[in-house]
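The lines below spell out each chain.
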Amino acid sequence: MVNFGQMATSPLAPTSPKPIGLDILDAEGIYLRDRNNKQYIDLISGIAVNNLGHRHPSIIQALKDHLDHYLHAMVYGEFVQEKQLAFAKLLTEHLASSLNNVYFTNSGSEAVEGALKLAKKYTRRTEILAFEKAYHGSTHGALSVTGNDALKSGFGPLLPGVFHGVFNEEVSAELINHNTAAVIVEVIQGEAGVRNATPSFLKRLRERCTAFGALLIIDESQTAFGRTGHLYAHQSYDVIPDILVLAKALGGGMPLGAFIASGQVMNVLSHDPALGHITTFGGHPLSCAAGLAHMQALISEGWMDTVAEKEKRFRENLSHPLIKEIRGSGLMLAVELGNTALREKACDQALKNGLLTDWFLFCDTALRIAPPLTITLEQIDQACAIIDKSLNEAE
Ligand code: PMP
């Protein structure tokens, strides 16, 4: 562990007063290993990124293979880059036929920015409906649609024309009108502490968007690529977005985001002005090579079929009396303790006991369970035993 006294003089910018501070030497599968050779079960996957664990052989091989060709060749959109093209093809093959055009970015925040700009340009409208406790990223536009005032403190003024409805209340859909360019929503609000949207809520948003010509943006940065047992969480809801935002696991451990829409909608970005939405590194060939290998392995190795059984195993094992509730779907779970100090102690003890978990931006009373989908049932039993022990010690 890093000495926090030393961190005050670190040349790296801090993001919190008390970072976890693990000094990682290497990682493999579900394990992280620090510089003192201590091993940790990774129950958070770099926050829903490493869905096939650390250093999946297919991803490493794809990166090595592409390294022999080129790194950065040209800003996004100008050259034909084989891996970008192949990955866009694979992504769209597994989506509704209307979602047939991919714009790659570097991150989730940038994908949200692109999606918001696209909706404004396409609809020629200015207003956006988002939801309380949503998290969409840290850039100005993405922060504007994020639904937490504390997180915005000190960063205003943000985007005008953004309204926040209450998540899962169908009456929120009444806020959609002829001025609405877009509605942006998560299928499961991750940072709210894992809150699943109800099917009727998403359906109502879809209906109102269609009725008023607003675009429905679904942000699946956390929920995609098997996390809930489905390739995309919205596919179990029978609702098709106009724009889908992807990030995190998209790049198989490399930085990558994307917003995906129909070619007809996306086409407005190509003119008036030309180059009105561009990115130097978006869709980096190495990131696309890794993302492509990740998605191919996820599908061909059948990991999504294992998720329901693994969720069940976590739910069965996590029966400590201090646990008030377990929320979520698949391997995107929140273990609610109802108490911040207890949760903090439980995280600290878990780390000492060789397990990494954390909490949520807008819910610091619950533990995050988002392990690689490759975790075995035996490893789940071990992880749950450590959580149990850590809760006993934290009490
Ligand atoms: N949307 C959602 C739903 C997210 O969970 C996140 C990241 N936690 C983002 C957007 C932002 O992604 P990034 O950190 O890659 O900018």
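These numbers were taken from a predicted model, which means no experiment stands behind them.

Parameters and conventions
- Residues numbered from 1 in each chain as written.
- Predicted model: local features only at pLDDT ≥ 70, side-chain atom pairs only at ≥ 80, totals over all residues.
- Heavy atoms only, no water.
- Near = heavy atom within 4 Å.
- Polar contact = N/O pair within 3.5 Å; in protein donor to acceptor, adjacent residues only side chain to side chain.
- Areas by Shrake-Rupley, 256 points an atom, 1.4 Å probe, with all protein chains shown as cover.
- Nonpolar A, V, L, I, M, F, W, Y, C, P; charged D, E, K, R; others polar.
- Pairing = 2+ DSSP bridges.
- Helix = DSSP H or I, 4+ residues; strand = E, 2+ residues; numbered from the N terminus.

Colleague: Which residues make up the site of the ligand, and what values do they have?
Modeller: Every residue lining the ligand is accounted for by Ser107, Gly108, Ser109, Tyr135, His136, Gly137, Glu186, Asp219, Ser221, Gln222 and Lys248. One of the side-chain nitrogen or oxygen atoms of Ser221 is found 3.3 Å away from a nitrogen atom of the ligand. Here an oxygen atom of the ligand and a side-chain polar atom of Gln222 are 2.9 Å apart. In isolation the ligand offers 390 Å² of accessible surface; the protein chains occlude 82% of this area. Here the residues of the shell around the ligand are counted per class, giving 1 nonpolar, 7 polar and 3 charged.

Colleague: Could you give me a rundown of the pairing of strand β13 (residues 325-329), with the residues and numbers involved?
Modeller: Examined bridge by bridge, β13 and strand β14 (residues 332-336) share 5 bridges and lie antiparallel to one another. Opposite Arg327, over in β14, you have Ala334 as the bridge partner. Hairpin connection, β13 to β14: the antiparallel pair is bridged by 2 residues, and Gly330 has positive phi, about 60°.

Colleague: I'd like a description of unusual backbone geometry, backed by residues and values.
Modeller: Look at the link from Gly156 to Pro157: it is a cis peptide, with omega at -5°. For the bond from Asp272 to Pro273, the omega torsion is 0°, close enough to zero to count as cis. Looking at where Pro273 falls in the secondary structure, it is placed in the loop between α9 (263-266) and α10 (285-300). Even without glycine at this site, Ser45 takes up a positive phi of about 55°. Summarising the element assignment, Ser45 is placed in helix α2 (residues 45-48). Within the chain, Arg55 stands out as a residue other than glycine whose phi angle is a positive 55°. Locating Arg55 in the fold gives a position in the loop between α2 and α3 (57-67).

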